[in-house]
Amino acid sequence: MKLLKMTLLTTLIVTVLSCKNEKKEADVAVNETRNEINEGVNVIPISHGTLVLESNNEVIYVDPTGGSEAFKGQKSPTLVLITDIHGDHLSVPTLEALNLSNVRIIAPKAVTDKIATTISNDIITLNNDETIDHNGISIKAIPMYNLREEALKYHTKGRGNGYVLDIDDERIYISGDTEDIPEMRNLKNIGKAFVCMNLPYTMPVESAASAVLDFKPKVVYPYHYRGTDGLSDVSLFKEIVTKENNSIEVKLLDWY
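This one's a predicted model, so the numbers in the text were calculated from it and none came from an experiment.

**Things to note about the environment of Asn 121**
By the secondary structure assignment, Asn 121 is in the loop between helix H3 (109-112) and strand E6 (123-125). For Asn 121, a relative accessible area of 57% corresponds to the exposed category. The residues contacting Asn 121, other than those within four sequence positions of it, are Ser 101 and Asn 102. Within the local environment of Asn 121, its side chain forms a polar contact with the side chain of Asn 102, the two groups lying 3.2 Å apart.

And the structure:
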């Protein structure tokens, strides 16, 4: 009888300790997952050149288009960045539908000239090479323009902005509509880069890959790659970049 009691007691102790260990291991796994999710800035592709960046304290809508339906299920924005005047970047009906009255909008002058003060009471004009601080985020306007003679009519230098954001210890580059300009090739310490590649409006994948190999971001997201002949070959872009420098991670997201 004593032997049976001892056996039952031993089994109970082992079971309790095992459960505690399993719970501890489960908690560690959950914490690791949470840390991974919360690490860095979350990227949410919406469509083409439209995206959402979520940091610990900010929800940034970049070139919001597609009406309020495009952002169904998304957190409300705390900041809006707009790169250029074209309809796939500036959509006044979308801005009107998103209830941005108390949300800061940052854009170049060509864009802010087209946004009524009824949309937002905090519209900031930021032109090429200017920098602004927004709640501890440094935002610098980077030029975006065409280089090829046949494409100069699409994006003139000085009209639109790319952006570099220093946010939560990350440096993020958003190209806007541009070719492989020196201002892109000379970027430093970029963690995440969003790089366009569509013809005839911006640049071919080979030029985009060449520029990326020059400024060496940790992660690059091909975006804005729908042209007049369909979608650009982003798999080729990834192949070129990875072959030359496999330390650059190319992430292909669902933009279309």
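**Concerning the nonpolar core**
Residues Leu 53, Ile 139, Leu 165, Phe 194, Val 195 and Phe 237 are the most contacted members of the largest nonpolar core, which totals 69 residues. With seven residues, helix H5 (residues 205-215) is the largest single contributor of residues to this core. Ignoring sequence-local partners within four residues, the contact set of Leu 53 consists of Val 41, Asn 42, Val 43, Glu 58, Val 59, Ile 60, Val 62, Leu 165, Ile 172, Ile 174 and Phe 194.

**A few points about the sheet that holds strand E10 (residues 170-174)**
Strand pairing within a sheet occurs via backbone hydrogen bonds; the two strands may be parallel or antiparallel. Ordered in space as E7-E8-E9-E10-E11-E12-E15, the seven strands form an open sheet in which the pairing is mixed. Edge positions in the open sheet fall to strand E7 (131-134) and strand E15 (249-250), since each of these has one partner strand only.

**Considering the pairing of strand E1 (residues 42-47)**
Where E1 meets strand E2 (residues 50-54), five bridges bridge the pair, whose relative direction is antiparallel. Residue Ile 44 lies in a different strand from E2, and its bridge partner there is Val 52. Where E1 folds back on E2, the antiparallel hairpin that results is connected by two residues, among which His 48 adopts a positive phi of roughly 55 degrees.

**Re helix H6 (residues 234-244)**
For the α-helix, the turn length of 3.6 residues means that residues three or four positions removed from each other point alike. Taken together, the buried positions of H6 are occupied by Val 234, Phe 237 and Val 241. Seen end-on, H6 carries its buried residues on one side only, within an arc spanning 50 degrees. Seen from the open side of H6, the exposed residues pointing more than 90 degrees away from its buried face are Glu 239 and Lys 243. In the core, the buried residues of H6 are packed alongside H5, strand E12 (219-222) and E15. Between a side-chain oxygen at the N-terminus of H6 and the backbone nitrogen of Ser 235 the separation is 3.3 Å; the capping residue is Asp 233.

**Overview of the packing of aromatic side chains**
Under the defined criterion, the tally for this structure stands at seven aromatic pairs. Ring centres 5.9 Å apart and planes at 85 degrees place the aromatic pair Tyr 173 and Phe 215 in the edge-to-face group. Taken together, the positions of Tyr 173 in strand E10 and Phe 215 in helix H5 put the pair 42 residues apart, joining distant regions of the chain. With 6.0 Å between their ring centres and 70 degrees between their planes, Phe 194 and Tyr 223 make a pair best called edge-to-face. You can see Phe 194 sitting in strand E11 (residues 192-195) and its partner Tyr 223 sitting in the loop between E12 and strand E13 (226-227), a full 29 residues away along the chain. Since its relative accessible area comes to 0%, Phe 194 is described here as buried. Among the aromatic side chains, those forming a connected cluster through ring pairs are Phe 194, Tyr 221, Tyr 223 and Trp 255.

Cut-offs used in this document
Residues numbered from 1 in each chain as written. Predicted model: local features only at pLDDT ≥ 70, side-chain atom pairs only at ≥ 80, totals over all residues. Heavy atoms only, no water. Helix = DSSP H or I, 4+ residues; strand = E, 2+ residues; numbered from the N terminus. Buried < 20%, exposed > 50% of the residue type's maximum accessible area, 1.4 Å probe, protein only. Contact = heavy atoms within 4.5 Å. Polar contact = N/O pair within 3.5 Å; in protein donor to acceptor, adjacent residues only side chain to side chain. Core = buried A, V, L, I, M, F, W, Y, C linked by side-chain atoms within 4.5 Å. Pairing = 2+ DSSP bridges. Arc of directions from axis to C-beta. Phe/Tyr/Trp six-rings, centres within 6.5 Å; stacked < 30°, edge-to-face > 60°.

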